[in-house]
Amino acid sequence: MDLTIALERYDRHFPFFDGSVKAPAGTTYRALQVGQSYGLKDGIDRHGNMLHKKAYDIAEFSMSTYLMAIDRKVPLVGIPVFPRRLFSSGLMFVRHDSAVTHPRELKGKRVAIRAFQTTLSLLAKGDLKFEYEMPWEDIHWLVEEEEKIAFTPKAGVKVERLPAGADAGYMLRDGLCDAVIQPHPPHSIMSGEVKVRRLFADPDAEEARYFKKYGYWPIMHIVVMWRDLADKHPWLPAALMEMWGQAKTISRDYYSDPNWSQLAFGRRYYEREIERFGTDDLFPMGLAVNRGNIEQFIKYSRDQELIKGAFGVDDLFHESVRGT
């Protein structure tokens with residue numbers, strides 16, 4: 001059996017791309033470098049290709065879109081591997097001279113996001129409401145991209161689709177929006193062309209506080225496969241977890257070389273993170289250790305009316321890996 005696995009080009013996925021990860025006996029795989037918001041060697045729009053074209057057997061996939069897909073009975077099934085994680089607070093940007101210093105001050109403001117249902121948008125809106133006492137319903141949302149799954153916004157919420165080619169950085173510069181919350185802020189922001197600052201004065205401290213409070217780094221992506229493939233080969237979900245375990249072990253060892261990264265202090269940054277977070281595993285696999293994290297996303301998604309059906313955490317995963 002030959003499997004196609006679509007992945008982002010992370011350090012933790014390098015072992016798939018160079019063949020270091022060994023597949024189970026009788027199985028081979030092709031690891032495809034497929035980007036989401038930008039193109040990689042094997043393409044772009046990984047989530048859309050998986051969802052609408054069934055382009056891969058297995059894929060790294062949006063957690064938020066996955067919840068919506070399950071709610072709509074799309075025959076996907078998850079395995080408890082979560083290869084992308086982000087905090088929301090360090091990805092909230094305002095203009096360098098903005099008077100906004102706390103999320104509560106975003107009330108009535110115009111905030112640009114990639115799409116309403118992307119996982120960072122879901123997390124940020126939920127965090128604004130439940131963590132920072134700024135109801136996301138009181139913000140005017142500016143959306144850049146078409147949604148992967150159609151939905152009706154919550155009554156009374158302002159959601160405006162921006163014209164094609166709109167640049168949130170220039171909009172921020174020109175006073176057309178008040179904040180940007182995106183996983184990949186536009187080049188105009190990241191290059192320094194548009195002068196911005198992060199909303200939180202010390203985002204590292206804020207994210208460390210969040211981690212200490214909740215005990216996790218929020219999930220962005222999950223690994224999913226087609227239900228018929230998992231049902232035909234019920235040993236495969238656990239085997240995929242084992243493959244990701246191999247990749248984790250191999251990629252973690254990269255940092256034993258102080259010059260593996262192009263960052264001069266890369267190894268010491270790695271050591272400081274372990275000290276700060278109290279763990280050397282910020283990407284834990286398995287259902288039990290990630291249950292609270294996933295429950296929070298279900299809560300946020302229901303509150304934002306992206307999902308409406310009755311299902312729980314266990315329903316998101318193949319039966320063979322629910323005990324992990």
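Check the entry above for the structure.
Residues numbered from 1 in each chain as written. Predicted model: local features only at pLDDT ≥ 70, side-chain atom pairs only at ≥ 80, totals over all residues. Heavy atoms only, no water.

S.K.: Please clarify how the packing of aromatic side chains should be interpreted in this entry.
M.R.: The relation between two aromatic rings is expressed through the spacing of the ring centres and the mutual angle of the planes. With the rule as written, the count across this model stands at 20 aromatic pairs. With centroids separated by 5.2 Å and ring planes inclined at 50 degrees, the aromatic side chains of tyrosine 132 and phenylalanine 200 adopt a geometry described as tilted. Of this pair, tyrosine 132 sits in the loop between α4 (119–130) and β7 (140–143) while phenylalanine 200 sits in the loop between β10 (196–198) and α7 (203–214), placing them 68 residues apart in sequence. You'll find tyrosine 132 and phenylalanine 200 in the same group, each marked buried. (Phe/Tyr/Trp six-rings, centres within 6.5 Å; stacked < 30°, edge-to-face > 60°. Helix = DSSP H or I, 4+ residues; strand = E, 2+ residues; numbered from the N terminus. Buried < 20%, exposed > 50% of the residue type's maximum accessible area, 1.4 Å probe, protein only.)

S.K.: Is there a simple way to explain helix α11 (residues 287–303) in this structure?
M.R.: Because the α-helix completes a turn every 3.6 residues, residues three or four places apart line up on one side. With 17 residues, α11 ought to run about 24 Å at 1.5 Å a step, and its terminal C-alpha atoms sit 23 Å apart, in line with that. The largest bend in α11 amounts to roughly 30 degrees and is located at asparagine 293. All of the buried residues along α11 are Leu287, Asn290, Asn293, Ile294, Gln296, Phe297, Ile298, Tyr300, Ser301 and Asp303. Where α11 is buried, its residues touch α3 (63–71), β4 (76–85), α4, α7 and β11 (219–226). Looking one or two residues beyond α11, the residue adopting positive phi is glutamate 305, at roughly 60 degrees. (Expected span 1.5 Å × (residues − 1). Bend = angle between axes of the 7 residues up to and from the residue. Contact = heavy atoms within 4.5 Å.)

S.K.: Where do I start with a nonpolar patch on the surface in this structure?
M.R.: Together, Leu263, Phe265 and Tyr269 line one region of the surface with nonpolar side chains, adding up to about 300 Å² of accessible area. Summarising the element assignment, tyrosine 269 is placed in helix α10 (residues 266–277). Classification of tyrosine 269 by relative accessible area gives partly exposed; the value is 41%. (Patch = residues over 30% accessible without salt bridge, like charges linked within 9 Å, V, L, I, M, F, W, Y side chains within 5 Å. Areas by Shrake-Rupley, 256 points an atom, 1.4 Å probe, with all protein chains shown as cover. Salt bridge = Lys/Arg side-chain N within 4 Å of Asp/Glu carboxyl O.)

S.K.: How do you make sense of the pattern of salt bridges when you look at a structure like this?
M.R.: Side chains that differ in sign of charge can pair as their charged atoms come close. Scanning all chains against the criterion turns up 27 salt bridges. Taking the shortest distance from any N to any O, the salt bridge between arginine 267 and glutamate 271 comes out at 3.0 Å. In this pair, arginine 267 and glutamate 271 both sit in helix α10, 4 residues apart, roughly one turn of the helix. With a relative accessible area of 38%, glutamate 271 lands in the partly exposed category. Through salt bridges that share partners, Lys129, Glu137, Lys154 and Asp303 make up one connected network.

S.K.: Honestly, the packing of α4 against α11 in this entry has me stumped. Any pointers?
M.R.: Packed helices, taken two at a time, are described by their axes: the angle between them and the distance between them. Two elements in contact, α4 and α11, have axes separated by 9 Å at closest approach and are oriented at 85 degrees. Classed by the angle they form, the pair α4 and α11 counts as roughly perpendicular. Of the residues in α11, those touching α4 at Thr119, Leu122, Leu123, Gly126, Asp127, Lys129 and Phe130 are Gln296, Phe297, Lys299, Tyr300, Ser301 and Asp303. Looking at the contact of α4 with α11 residue by residue, the classes come out as 5 nonpolar, 4 polar and 4 charged. (Axes fitted to C-alpha atoms, helices over the stretch in contact; angles between N-to-C directions. Parallel < 35°, antiparallel > 145°, perpendicular 65-115°, else oblique. Nonpolar A, V, L, I, M, F, W, Y, C, P; charged D, E, K, R; others polar.)

S.K.: Would you mind showing me how to read the environment of valine 321 here?
M.R.: Tracing the sequence through the fold places valine 321 in the segment after α11. Taking relative accessible area as the criterion, valine 321 reaches 1% and is therefore assigned buried. Counting along the chain gives 319 residues from valine 321 to aspartate 2, while the straight-line C-alpha distance between them is 22 Å. For valine 321, the residues in contact, after removing those within four places along its chain, are Gly78, Ile79, Pro80, Pro237, Ala238, Met241 and Leu287.

S.K.: In this structure, what is going on with the sheet that holds strand β6 (residues 110–113)? I would like to understand it.
M.R.: Across a sheet, strands are paired by hydrogen bonds formed along the backbone, either parallel or antiparallel in direction. The 6 strands are arranged β8-β7-β6-β9-β5-β10 in an open sheet whose pairing can be described as mixed. Across the chains shown, the open sheet's two edge strands, defined by having one partner strand only, are β8 (159–161) and β10. Neighbour-to-neighbour, the strand axes of this sheet turn through a mean angle of 30 degrees, independent of strand direction. Bridge analysis of β6 against strand β9 (residues 179–181) gives 3 bridges, and the strand direction is parallel. Following the sheet pairing, valine 111 is matched in β9 by alanine 179. The strands touched by α4 within the sheet are β5 (92–95), β6, β7 and β9, with β9 carrying the most contacts at an inclination of about 125 degrees. (Pairing = 2+ DSSP bridges.)

S.K.: When you look at unusual backbone geometry in this model, what are you seeing that I'm missing?
M.R.: A positive phi angle is found at aspartate 45, which is not glycine, with a value near 60 degrees. By secondary structure assignment, the location of aspartate 45 is in the loop between β2 (28–33) and α2 (46–53). Since its relative accessible area comes to 26%, aspartate 45 is described here as partly exposed. The phi torsion at lysine 73 lies on the positive side, around 65 degrees, for a residue other than glycine. Note on placement: lysine 73 falls in the loop between α3 and β4.

S.K.: Is there a simple way to explain the nonpolar core in this structure?
M.R.: Ile294 and Leu316 are the most contacted members of the largest nonpolar core, which has 100 residues in total. Apart from the residues within four sequence positions on either side, isoleucine 294 is in contact with Met63, Phe82, Ile219, Leu287, Val313, Leu316 and Phe317. (Core = buried A, V, L, I, M, F, W, Y, C linked by side-chain atoms within 4.5 Å.)

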